[in-house]
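Okay, here's what each chain looks like letter by letter:
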Amino acid sequence: MVIGCLIFERWPLIAGGARQLLTANVYWLLAAVGVTVLGWAAVSLARQGTVLEPLPARRLFATQFAAGAANHLLPAGLGAGAVNLRFLRKCGLPLGRSSAALALYLLSESVGRCLLLLVLLVAFPDALDLRALHLGQALPDGVLPAAAGLGCAVVLVLTVLTVLALLPALRRAIRTFLTTAFTDLRSLHARPARALALWCGSLGFPALQAAGLVTVALALRMPVPVVHVAIAYLAASVAAALVPTPGGLGSVDAALVVALVTTGASATAATSAVLGFRIITVWLPLVPAALTLGALVRRRVV
């Protein structure tokens, strides 16, 4: 309902962005689709790097594609995590090691994303110009307070979990989990092929996602350097992670618009780029991903 109200309030801006998207270069949009597919391959590579056992490549790739549909049911990637947990369990991994693999993927992907952002910001320190940001244009009224409220809720949940972690039973479970995770981490990095798969996939996925936004910006002939667009994506994705929503709906979109405006793009052009990017990476694959997920469940792959 909140997202619907925000869309209604800023409908003229969204409609203008949609009209601009209709004039985009089709070939660059097709390139964005190809980059998105490569992104699923990068995720598959990283997932393989989190476990010592070889995973079936085709089923692994199909699982990553299907996980995109499940990711829209729960915030903070919990849907994709649940699908991958079931997949690893079906591959014969015990629960403790499967959970450790999921935690290692989340950690490595976050590190890779932040590392890419840091390197690019050091190389291009003027990419994001906060003076160009006009929140009245880029965001509807009430978005920042809502985001702050969601952030406080996340902090509250983390605080409650920390308190609960002090309970003896949970403390023992956490200790066992951490022991398993660190043991697997040492074993994985003792095998160069697994370590290479983990970190290449963890760096490759956010890089390919940034490239997807770049190709959409090129399709729209946006007068912004492509490196600045990539930095805008990385900065927005890191910021949106602080406000977890199912599939990043709302939080990622708003953060992307704001970040693109700081690179010098107009609010309409930024909105158009975000619409195109989200259609290609989220809405276009949604139904095929849901059908794939159903097929995997029926075949007991997940």
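From a predicted model like this one, the values you see are computed outputs, not experimental measurements. Throughout, residues of each chain are indexed from 1 in the direction in which the sequence is written. pLDDT decides what is reported in this predicted model: residues at 70 or higher carry local features, side-chain atom pairs at 80 or more are listed and counted, and totals for whole chains, interfaces and linings draw on all residues regardless. Side-chain calculation: all heavy atoms of the structure are included, whereas hydrogens and water are not.

A. Looking closely at the packing of helix H5 (residues 78-90) against helix H6 (residues 95-123). Under this scheme, a helix contributes an axis fitted over its contacting stretch, all axes are lines through C-alpha atoms, and angles between N-to-C directions fall in the 0 to 180 degree range. Segments assigned H or I by DSSP are reported as helices when at least four residues long, segments assigned E as strands when at least two residues long, and all are numbered from the N terminus. Here H5 crosses H6 at 140 degrees, and the two axes come no closer than 9 Å. Comparing their axes, H6 and H5 come out oblique. Read as a crossing pair, H5 and H6 show a hand that is right-handed. Along its contact with H5, which presents Gly81, Asn84, Leu85, Leu88 and Arg89, the element H6 presents Leu95, Ser98, Ser99, Ala101 and Leu102. By the convention adopted, Pro, Cys, Tyr, Trp, Phe, Met, Ile, Leu, Val and Ala count as nonpolar, Lys, Arg, Asp and Glu as charged, and the other residues, Gly among them, as polar. Residues that form the contact of H5 with H6 fall into these classes: five nonpolar, four polar and one charged. In this scheme, roughly parallel covers angles under 35 degrees and roughly antiparallel covers those over 145, while 65 to 115 is roughly perpendicular and the rest are oblique. By definition, any crossing whose near helix is turned counterclockwise from its far helix by less than a right angle is left-handed, and any crossing with a clockwise turn is right-handed. By the convention used here, residues are in contact when the closest approach between their heavy atoms is within 4.5 Å.

B. Region of interest: a nonpolar patch on the surface. Nonpolar side chains (Val, Leu, Ile, Met, Phe, Trp, Tyr) are joined into patches within 5 Å and like charges within 9 Å, using only residues with over 30% relative accessible area and no salt bridge. The Shrake-Rupley method, run with a 1.4 Å probe sphere, supplies the accessible areas, and residue values consider only the shown protein chains as cover. When a carboxyl oxygen of Asp or Glu is within 4 Å of a side-chain nitrogen of Lys or Arg, the pair counts as a salt bridge. Where nonpolar side chains cluster on the molecular surface, the patch consists of Val33, Val37, Phe61, Ile279, Trp283 and Leu284 and spans about 500 Å² of accessible area. Those elements that provide at least two residues to the nonpolar patch are helix H3 (26-48) and helix H13 (267-298). With three residues, the top contributor of residues to the nonpolar patch is H13. Tracing the backbone shows Trp283 in helix H13. Remark: exposure states derive from per-residue accessible area (1.4 Å probe, protein chains only) relative to the maximum for the residue type, with buried under 20%, exposed over 50%, and partly exposed in between. Given a relative accessible area of 42%, Trp283 falls into the partly exposed group.

C. Spatial organisation of helix H11 (residues 226-240). An ideal rise of 1.5 Å per residue puts 21 Å on 15 residues; H11 measures up with 21 Å between its terminal C-alpha atoms. For H11, a buried count of eleven out of 15 residues is recorded, marking the element as mostly surrounded by other parts of the structure. Among the residues of H11, those classed as buried are His228, Val229, Ala230, Ile231, Ala232, Tyr233, Leu234, Ala235, Ala236, Ser237 and Ala240. Among the structural elements, H6, helix H10 (192-219), helix H12 (251-262) and H13 are those in contact with the buried residues of H11. The span expected for a helix works out to 1.5 Å for each residue beyond the first.

D. Highlighting the packing of aromatic side chains. Classification of ring pairs uses Phe, Tyr and Trp, with its six-membered ring standing for Trp, and accepts pairs whose centres are within 6.5 Å; under 30 degrees between planes counts as stacked, over 60 as edge-to-face, and the remaining range as tilted. Counted under the stated rule, the structure contains two aromatic pairs. Consider the rings of Trp40 and Phe65, whose centres lie 4.8 Å apart with planes at 70 degrees: the pair is edge-to-face. Of this pair, Trp40 sits in helix H3 while Phe65 sits in helix H4 (residues 57-70), and the two are 25 residues apart along the sequence. By the burial criterion, Trp40 is buried, and Phe65 matches it. Centre to centre, the rings of Tyr233 and Phe277 are 5.8 Å apart; their planes meet at 65 degrees, and the pair counts as edge-to-face. Placement of Tyr233 in helix H11 and of Phe277 in helix H13 is noted, with a sequence separation of 44 residues between them. Take Tyr233: its relative accessible area is 5%, and that puts it in the buried class. A ring is considered to have a charge above it if a Lys NZ or an Arg CZ atom is located within 6 Å of its centre and within 35 degrees of its normal. Directly above the aromatic system of Tyr105 lies the positively charged group of Arg47, at a separation of 3.8 Å from the ring centroid.

E. Inspection of the environment of Gly212 at higher detail. Topologically, Gly212 is positioned in helix H10. You can call Gly212 buried: its relative accessible area is 5%. Gly212 sits 178 residues away from Gly34 along the chain, and the two C-alpha atoms are 8.6 Å apart. Apart from residues lying up to four places away in sequence, Gly212 is in contact with Ala32, Val35 and Phe277.

F. A look at the side chain of Gln64. Summarising the element assignment, Gln64 is placed in helix H4. Classification of Gln64 by relative accessible area gives buried; the value is 6%. Excluding its chain neighbours within four sequence positions, the residues that come into contact with Gln64 are Trp40, Val43, Ser44, Arg47 and Asn84.

G. Spotlight on the pattern of salt bridges. Following the criterion strictly, the structure yields three salt bridges and no others. The shortest N-O distance in the salt bridge between Glu53 and Arg97 comes to 2.7 Å. Taken together, the positions of Glu53 in the loop between H3 and H4 and Arg97 in helix H6 put the pair 44 residues apart, joining distant regions of the chain. Classification of Glu53 by relative accessible area gives partly exposed; the value is 31%. Given the relative accessible area of 18%, Arg97 is considered buried. Salt-bridge contacts for Arg113 lead to Glu109; the nearest nitrogen and oxygen are separated by 2.3 Å. With Arg113 and Glu109 both in helix H6, this residue pair falls four residues apart, about one helical turn. Like Glu109, Arg113 is buried.

H. Quick look at the confidence of the model for the chain. Of the residues in the chain, 75% reach a pLDDT of 70 or more, and the chain-wide mean stands at 82. Within the chain, H3 carries the highest mean pLDDT (96), whereas helix H7 (residues 135-138) carries the lowest (44). A low-confidence stretch, residues 1-9 stays under pLDDT 50, and its non-local contacts, those more than four residues away or across chains, total seven contacts. Note that pLDDT drops below 50 for residues 134-148; the model gives that stretch 21 contacts with residues more than four away or on any other chain. What pLDDT conveys is the predictor's confidence in a given residue, as a value from 0 to 100.

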